[in-house]
2 protein chains.
Amino acid sequence: MHTTIHSTEMQQVLTALFRQHDFTDKKSQTLAEVHTENTLYGVNSHGIDRVPKFIDYVREGIVNPAAEAECLSTFGSIERWGGNSGPGVLNAISCTDRAVQLAKTHGMGLVALRHTNHWMRGGYYGWRAARAGCIAILFTNTQPNMPAWGGRESRTGNNPLVIAIPRPAGHVVLDMAMSQYAFGKINAYRLRGEQLPFPGGWDAADELTTDPEKILAHERGLPIGYWKGSALSMVLDMLVTLLAAGNSTYRIGQLDHETDISQVFLCISPEVFPDRALQDQLLQEIIDYTHSGPAMREGQRTYYPGERSLEQRQHNLTHGMQVDEQVWSEVIRLLE
Amino acid sequence: MHTTIHSTEMQQVLTALFRQHDFTDKKSQTLAEVHTENTLYGVNSHGIDRVPKFIDYVREGIVNPAAEAECLSTFGSIERWGGNSGPGVLNAISCTDRAVQLAKTHGMGLVALRHTNHWMRGGYYGWRAARAGCIAILFTNTQPNMPAWGGRESRTGNNPLVIAIPRPAGHVVLDMAMSQYAFGKINAYRLRGEQLPFPGGWDAADELTTDPEKILAHERGLPIGYWKGSALSMVLDMLVTLLAAGNSTYRIGQLDHETDISQVFLCISPEVFPDRALQDQLLQEIIDYTHSGPAMREGQRTYYPGERSLEQRQHNLTHGMQVDEQVWSEVIRLLE
């Protein structure tokens, strides 16, 4: 069952909750804003649904509310930062903003971050960089949750990748993990008693299956494009690990929790180009061309990455967000 | 039927062929080297098999043998180049080498190239950057050859992406298009009378199919991960188009041939970091971890991206390359 929560209410409740858990007023407000914003975009799994687990991590000392990300070394347009086991959201904001700043100065900027925690919804930082006028290419590693192609055990991560492109008529923001489906999404199919539309992982007999129950029993997600997503995932893990000199998916898997992960924030400032109007026109042509084609199935249409997110946000801002009743009760209980 | 050709022979034959088509000695040697190298890596489709079509393009004036890529404007670590409809391979080499040079100076370097031609095998430039000690992220757009998810017509490209990471124990080089299978690969299944192992495109009734014949009849390739590869492909097209202010897949589709395409060459120099030995160790851990797991099926194993290419090259260097007899006859005929 779901309940309708308006964003102003969620923002207030979460700010108060984070304050109670040793975050400063400013940090509490920012954390509340990001979790609310993620829920506004319809990504409850990395918004409101994730709050109880985040509070657990704070209580267990896995996330340190007082810690802040700091620059460890700089090399021209590249910086390496340490996250000091602080909240992943605040660390990622610091590094996004720094990469934007470097890009405005150098044309490009890259911040590699280690010893950080889950950034929740990666798309948030893509939208943030785009609002600041920057192209962003952002990626993170995770705990092992997908078999590398040919292997039987989950030994690579689903390593989300975000690519954002600023555009006056609506930023383009792609936010995708390397697994065909997030486990949260697979669980939603399970709860509705439905099969996945396409295979999403392996069953106990090592066969690909569309049965959410069988996939969740083993947590072996299918990489997008089989061997291709597996390879892309490995390479993203290598890049964050190398650039941050931080933990790889392998090392994260040796820990008791998914913590001390590594991330890359790469920004490019298209403002260095003198022809922004032409660029916007060229992007609009691409969008118009894909939009104007006939649909594959009746009722279908094409979208550019980020298009539906923006519609969802607008709808949720006006009508309130659909939040799982149990989750909301738990958040309220945590507050009391 | 295949014939065995040694790389020294192919290099000689192709150098002579390109010389006959108005390329300078130096350009002929380089073009021959790249086509031979691509065939050594086992990618005949973008090596020897592609030579007759390339010669056609030169004869038709689509590729201008005299043209060279030139820098149009610079903005710190970013440059925009014009390819002047020159050979895609030589333009891509110029831009890769320039991006490497920029990275050595600034930590990162990006060259956006417009009005260029097919770069053949993108991996070549990844290996080249890695040999020069750089991380490389390279991508190109193409003519429309995949439906954007939800659409019925091919209105996005398969837009290959290359990510290379230098490593003393063997460079990691991922070279993947956004389509599940290259049309050349689908055709190889057709010739062998086999079905694809996984769906690779749509049939006339708009259903996904593993039948190579049905896919080739309509040239609607399936994006990796369905909606995900479709979105990634659109975003790569947007990035090359915006950064190069060049043709998008849409505009390329309006032309009679696949020409005047746009590409991005982004390099990062890990030499700016003081801890290369640690980085190599961390990468080796990732590789060892994936390699050491149990296989999904008997006889299977995991590979890191680029691992098999290197084995293939070594094998082909020693034993010669398997080349389609008809293709080789045509090349020899062109030379006479």
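What you see is a predicted model; the values in this text were computed from it and never measured. (Residues numbered from 1 in each chain as written. Chains lettered and ligands numbered in written order. Predicted model: local features only at pLDDT ≥ 70, side-chain atom pairs only at ≥ 80, totals over all residues.)

1. Here we look at the overall build of chain A
Tallying secondary structure elements over chain A gives 12 helices and 13 strands in all. Scaling as 2.2 N^0.38, a compact globule of 336 residues should have a C-alpha radius of gyration of about 20 Å, and chain A matches this with 20 Å. Across its three principal axes, chain A shows a C-alpha extent of roughly 55 × 55 × 45 Å. Evaluated residue by residue, chain A yields a buried proportion of 56% over its 336 residues. When contacts within chain A are restricted to residue pairs at least 6 apart in sequence, those whose partners lie at least 24 apart make up 62%. (Helix = DSSP H or I, 4+ residues; strand = E, 2+ residues; numbered from the N terminus. Rg over C-alpha atoms; globule rule 2.2 N^0.38 Å. Buried ≥ 20, exposed ≤ 12 C-beta atoms within 10 Å, placed from the backbone. Contact = placed C-beta atoms within 7 Å.)

2. Things to note about unusual backbone geometry
All names here are of chain A. If you check the backbone angles, Ser 85 has positive phi at about 60° while not being a glycine. Turning to its location among the elements, Ser 85 is positioned in the loop between strand 3 (78-82) and helix 4 (88-106). The backbone of Asp 206 sits at a positive phi, close to 65°, despite the residue not being glycine. Topologically, Asp 206 is positioned in the loop between strand 10 (201-202) and strand 11 (208-209).

3. Regarding the interface of chain B and chain A
Opposite the 65 residues of chain B that make contact, chain A presents 66 residues. If you list the elements that add at least two residues to the side of chain B that touches chain A, you get strand 4 (108-116), strand 7 (154-156), strand 8 (161-165), strand 9 (172-176), helix 8 (227-244) and helix 10 (276-291) of chain B. No other element matches helix 8 of chain B, which puts 11 residues into the side of chain B that touches chain A. Considering only residue class, the side of chain B that touches chain A consists of 39 nonpolar, 17 polar and nine charged. (Nonpolar A, V, L, I, M, F, W, Y, C, P; charged D, E, K, R; others polar.)

4. What about the packing of helix 4 (residues 88-106) of chain B against helix 5 (residues 123-131) of chain B?
The geometry of a pair of packed helices is captured by two quantities: the angle between their axes and the separation between those axes. All names here are of chain B. Relative orientation of the contacting elements helix 4 and helix 5 amounts to 30°, with a least axis distance of 10 Å. By the angle class used here, helix 4 and helix 5 are roughly parallel. The element helix 4 and its partner helix 5 pack so that their crossing is right-handed. Between helix 4, through Ala 92, Thr 96 and Val 100, and helix 5, the contact on the second element is made entirely by Tyr 125, Arg 128 and Ala 129. (Axes fitted to C-alpha atoms, helices over the stretch in contact; angles between N-to-C directions. Parallel < 35°, antiparallel > 145°, perpendicular 65-115°, else oblique. Left-handed = near helix turned anticlockwise from the far one by under 90°.)

5. Overview of the relation of the copies chain B and chain A
With an RMSD of 0.0 Å, chain B superimposes on chain A once it is rotated by 180° and translated 0.0 Å along the axis. Given the turn and translation reported, the copies of this chain are related as if by a two-fold rotation axis. Across chain B, the smallest distance between a C-alpha and the rotation axis is recorded for B:Gly225, namely 2.4 Å. Comparing contact sets, 100% of the residues at the interface of chain B also lie at the interface in chain A, consistent with an isologous, same-surface contact. (Least-squares fit on C-alpha atoms with pLDDT ≥ 70 in both.)

6. Quick notes on the sheet that holds strand 4 (residues 108-116) of chain A
As summarised here, the arrangement of the seven strands in space is 2-3-4-12-5-8-9 (chain A), forming an open sheet in which the pairing is mixed. Each edge of the open sheet is held by one strand with a lone partner, namely strand 2 (70-75) and strand 9 (172-176) of chain A. Ignoring which end each strand starts from, the neighbouring axes of this sheet average 10° apart. Along the sheet, helix 8 (residues 227-244) of chain A contacts strand 3, strand 4, strand 5 (135-140), strand 8 (161-165) and strand 12 (261-268) of chain A; its crossing angle with strand 12 of chain A, the most-contacted strand, is approximately 90°. Those strands touched by helix 8 of chain B are strand 5, strand 8 and strand 9 of chain A, and its axis lies near 140° from that of strand 9 of chain A. (Pairing = 2+ DSSP bridges.)

7. Overview of the pairing of strand 9 of chain B
Residue and element names in this part refer to chain B. Taking burial as the measure, the five residues of strand 9 include five buried ones, the bulk of the element. Going residue by residue along strand 9, you find Val 172, Leu 174 and Met 176 tucked away on one face and Val 173 and Asp 175 tucked away on the opposite face as well. Inspection of the sheet shows strand 8 paired to strand 9 by five bridges, in the antiparallel sense. Looking across to strand 9, one finds that Val 162 is bridged to Asp 175. Here strand 8 folds back onto strand 9 in antiparallel fashion, the turn holding six residues, of which Gly 170 has a positive phi close to 130°.

8. A closer look at the nonpolar core
A:Ala136, A:Cys267, B:Ala136 and B:Cys267 are the most contacted members of the largest nonpolar core, which has 181 residues in total. Beyond its immediate chain neighbours, meaning those up to four positions away, A:Ala136 contacts A:Tyr125, A:Gly126, A:Ala129, A:Ala130, A:Val162, A:Ala164, A:Leu266 and A:Cys267. (Core = buried A, V, L, I, M, F, W, Y, C linked by C-beta atoms within 7 Å.)

9. Re helix 11 (residues 307-319) of chain A
The periodicity of an α-helix, 3.6 residues per turn, causes residues three or four places apart in sequence to face the same way. Its 13 residues place the ends of helix 11 of chain A 19 Å apart at the C-alpha level, agreeing with the 18 Å of an ideal helix rising 1.5 Å per residue. Positive phi shows up at A:Gly320, right after helix 11 of chain A, with a value of about 90°. (Expected span 1.5 Å × (residues − 1).)

10. Considering the sheet that holds strand 12 (residues 261-268) of chain B
The strands that make up a sheet are held in pairs by hydrogen bonds between backbone atoms, and each pair lies either parallel or antiparallel. Residues and elements named next belong to chain B. Across the sheet, which stays open at both edges, the seven strands sit in the order 2-3-4-12-5-8-9 with mixed pairing between neighbours. Two strands lie at the open edges of the sheet, namely strand 2 (70-75) and strand 9, each paired on one side alone. Neighbouring strand axes in the sheet, compared pairwise and without regard to direction, differ in orientation by 10° on average. Across five bridges, the pairing between strand 3 (residues 78-82) and strand 4 is parallel. Counterpart to Trp 81 in the pairing with strand 4 is Leu 113.

11. Re the domain arrangement of chain A
For chain A, the assigned domains are domain 1 (2-60 + 311-335), domain 2 (70-179 + 223-272) and domain 3 (276-304). Taking the mean C-alpha position of each, domain 1 of chain A and domain 3 of chain A sit 34 Å from one another. (Domains from an automatic or database assignment.)

12. Digging into the packing of helix 3 (residues 51-59) of chain A against helix 12 (residues 325-335) of chain A
Residues and elements named next belong to chain A. Taken N-terminus to C-terminus, the directions of helix 3 and helix 12 make an angle of 35°; their axes are 9 Å apart at the nearest point. Between helix 3, through Val 51, Pro 52 and Ile 55, and helix 12, the contact on the second element is made entirely by Glu 330, Val 331 and Leu 334. Taken together, the residues that form the contact of helix 3 with helix 12 break down as five nonpolar, no polar and one charged.

13. Regarding the confidence of the model for chain A
Confidence in the prediction of chain A, expressed as mean pLDDT, is 96, and 100% of residues score 70 or more. For this predicted complex, the interface confidence comes out at an ipTM of 0.97, alongside a pTM of 0.98. (pLDDT = per-residue confidence, 0-100.)

14. Structural notes on the environment of A:Glu311
Assignment of secondary structure puts A:Glu311 in helix 11. Its 13 C-beta neighbours within 10 Å are what place A:Glu311 among the partly exposed residues.

15. Remarks on the environment of A:Thr142
Residues and elements named next belong to chain A. Along the chain, Thr 142 falls in the loop between strand 5 and strand 6 (146-147). On the basis of neighbour count, Thr 142 is assigned to the buried category, with 24 C-beta atoms found within 10 Å. The sequence separation of Thr 142 and Val 162 amounts to 20 residues, and the corresponding C-alpha distance is 14 Å.

16. Re the environment of B:Arg80
All names here are of chain B. By secondary structure assignment, the location of Arg 80 is in strand 3. A sequence separation of 61 residues divides Arg 80 from Asn 141, and the C-alpha atoms of the two residues are 16 Å apart. Each residue touching Arg 80, except ones within four places of it in the same chain, is listed here: Leu 72, Ser 73, Ala 112, Ala 244 and Ala 245.

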